[in-house]
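# Descriptive structure summary
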Amino acid sequence: MSRLQQGISKLNSLSNHGGSSVSRLTSPSSAGGSGNGKNYDELKRQIHSKLVERLDFTRVKDLSSDAMRRDIRRVIEHLCDTENPLLNRIEREKLIEEILDETLGFGPLEILLKDPTISDILVNGPHKVYVERRGKLEKTDVKFRDNDHLLQIIDRIVSKVGRRVDETSPMVDARLPDGSRVNAVIPPIALDGASLSIRRFGANPLKLEDLLNYKAFTPEMAMLMEACIKARLNILISGGTGCGKTTLLNTLSSFIPGDERVVTIEDAAELQLQQDHVVRLETRPPNIEGKGAVTTRDCVRNALRMRPERIIIGEVRGSEALDMLQAMNTGHGGSLATLHANTPREGLTRLETMIMMGGFELPVKAMRQQISSAIDLIIQANRLQGGPRKITHITEVMNMEQDVIIMQEIFRFRQLGIDQNSRAFGQYEATGVRPTFINRLEAKGVKLPSNMFAERILMRD
């Protein structure tokens, strides 16, 4: 029997005895009194403290099991009755749930994590917590006791995925059990207390139909993207922060045939691919001695030895750009990657910059030849004013003319204005350009309607 279970049994046995046994659970200041004078926060801290004193949580790995939660709940109920028997039913239930969240979950964050309408949680110090709902930021009433309390929750999050955060390593990327992305910054880097940013990913990832219902793109655009995935074209998803690049990447990955071997590479694993044959690689920061780091470039180079049919890179942000391009050029067609850029042209410029950041002294023309031959399609996602996320450009990367990469737009979103709710609106358009890779699609057995690319307005939003 573990020490936690022994503690639970002991507390349960105490609850069946008289007042003299129960008094052992109370502090000297509260013994013999009903606790009516305590405020809510003080009562919660005292009950949680007594629970922690009795139970050794560090030696229990499966604290989140339903049976364990029920047992601990019974102990908390007993402590509530001991410390303040005059709590009303609503206060008592609220107190019990908050202590359970503090003990087994992520404390004050739990109520936000349970809300499916929240897409981002932004903690600016212990007393300022903001959330994003439907594209708009709003301040919440959620607060941490103090900065130490917030640091404790951050440490609990990052330790679950084998990361650490302290004064020598004050910035960390991690993930929650549901795959949500977490970034934390603590003092001395964060001047006003620890900062925590959580990008939510629902337990049920958005599917193609959901994005079509949200008018993130049109059926014609979806048809083209599906055809390009099945025909093994190399695709780059470009966009700014929070524009839905990862969501789009998850959606597009659903078109990959289930019998293909896929290797994913990410800083913090967050992709939710639906295929069975997926190998997931994750980078690792250096240890406290500054050794043992595994970079994205290391993972890309190792992935080439794993017989992948497609390589998916969660985000290209450094010298791995050249390795990615070489992989796309050497038999790993159908690979996908994302990067931060505001337009398709800027995306290609960023690739050049990242190659140079790696210390590669390649001529500009050679770099651009690598890029133009490796990447077939750029999908540009943007977050517009008011919160709507749209695919604003689907652009083909064609070839080189002199020292310039030639590109042509196939579909685009044209913003027409701002409505009365300060929300951008516009229309999707087909530019009338027929992509040059149509023959490659047909050679793979993928056929598209002949009039799909005719110049016209596809949809108004």
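Structure first, text after, so check above.
Every chain's residues receive numbers from 1 upward, in the order its sequence appears when written. With the structure being a predicted model, the display of local features is reserved for residues of pLDDT at least 70 and the display and counting of side-chain atom pairs for 80 or more, all residues being used for whole-chain, interface and lining totals. Heavy atoms from the whole structure form the basis of all side-chain values; hydrogens and water molecules are not counted.

### Regarding the overall build of the protein
The condition that has to hold: Secondary structure elements are taken from DSSP: a helix is a run of H or I of four residues or more, a strand is a run of E of two residues or more, and numbering for both begins at the N terminus. The rule is simple: take the accessible area with a 1.4 Å probe, protein chains only, and divide by the maximum for that residue type; under 20% is buried, over 50% is exposed, in between is partly exposed. We call two residues in contact whenever any of their non-hydrogen atoms come within 4.5 Å of each other. Only the protein chains shown count as cover for residues, and all accessible areas are computed by the Shrake-Rupley method using a 1.4 Å probe.
Across its full length, the protein carries 15 helices and 16 strands. In the protein, which comprises 461 residues, the share counted as buried stands at 51%. In the protein, the share of contacts with a sequence separation of at least 24, taken over all contacts with a separation of at least 6, comes to 58%. As displayed, the protein has an accessible area near 22,500 Å², and 48% of this comes from carbon and sulfur atoms.

### A short note on helix α12 (residues 320–329)
Most of α12 is tucked away, with eight of its ten residues classed as buried. Residues Glu 320, Ala 321, Leu 322, Asp 323, Met 324, Leu 325, Ala 327 and Met 328 constitute the buried set of α12. The inward-facing, buried residues of α12 abut α11 (296–303), β10 (310–313), β11 (336–340), α13 (344–357) and α14 (364–374). Trailing α12 by a residue or two, Gly 331 shows a phi angle of about 95°, which is positive.

### Quick word on the nonpolar core
Soluble globular proteins: nonpolar side chains tend toward being buried together. We count it as follows: Joining through side-chain atoms within 4.5 Å is the link that ties buried Ala, Val, Leu, Ile, Met, Phe, Trp, Tyr and Cys residues into a set, and such a set is a nonpolar core.
Within the largest apolar cluster, 45 residues are counted, with the highest numbers of intra-cluster contacts made by Phe 217, Leu 224, Leu 252, Phe 411 and Leu 441. In terms of residues, this core owes the most to one element, helix α9 (residues 219–230), which gives seven residues. Those residues in contact with Phe 217 that sit more than four places away from it in its chain are Leu 208, Leu 211, Leu 212, Ala 222, Met 225, Leu 248, Ile 391, Tyr 428 and Met 459. Counting residues in hydrophobic clusters, the runner-up holds 34 residues, among them Ile 265, Ala 341, Ile 378 and Val 397.

### Things to note about the pattern of salt bridges
Counted only if it meets this: Salt bridge, as applied in this entry: a Lys or Arg side-chain nitrogen positioned within 4 Å of an Asp or Glu carboxyl oxygen.
The full count for this structure, using the stated rule, is 22 salt bridges. Here Arg 307 makes a salt bridge to Glu 309, at a shortest N to O gap of 3.9 Å. A salt bridge links Arg 440 to Asp 376; its shortest N-O distance comes to 3.0 Å. In this pair, Arg 440 sits in helix α15 (residues 438–443) while Asp 376 sits in the loop between α14 and β12 (377–383), placing the two residues 64 residues apart along the sequence. Arg 440 sits in the partly exposed class, given a relative accessible area of 40%. Within the structure, one salt-bridge network assembled from shared partners comprises Glu 409, Arg 412, Arg 414 and Glu 429.

### Topic: the pairing of strand β9 (residues 278–282)
Keep this limit in mind: DSSP-based pairing: two strands are paired if at least 2 bridges between them are found.
Burial along β9 is one-sided: Val 279 and Leu 281 are buried, while Val 278, Arg 280 and Glu 282, pointing the other way, are not. In terms of strand pairing, strand β8 (residues 262–266) meets β9 through five bridges, oriented parallel. Bridging from a neighbouring strand, Val 263 pairs with Val 279 of β9.

### A look at the environment of Arg 163
Basically, it comes down to this: Counting of polar contacts relies on pairs of N or O atoms within 3.5 Å, with two restrictions inside protein: one atom must be capable of donating a hydrogen and the other of accepting it, and residues adjacent in sequence are counted only when both atoms are side-chain atoms.
The topology assignment puts Arg 163 in the loop between α7 (147–159) and β4 (171–175). Spatially, the C-alpha atoms of Arg 163 and Arg 175 are 9.9 Å apart, while their sequence positions differ by twelve residues. If we skip the residues at most four places from it in the chain, Arg 163 touches Val 158, Val 172, Asp 173, Asp 267, Glu 282, Thr 283 and Pro 285. Reaching out from Arg 163, the side chain makes a polar contact with the backbone oxygen of Asp 173 at a distance of 2.9 Å. A polar atom in the side chain of Arg 163 sits 3.0 Å from the backbone oxygen of Asp 267.

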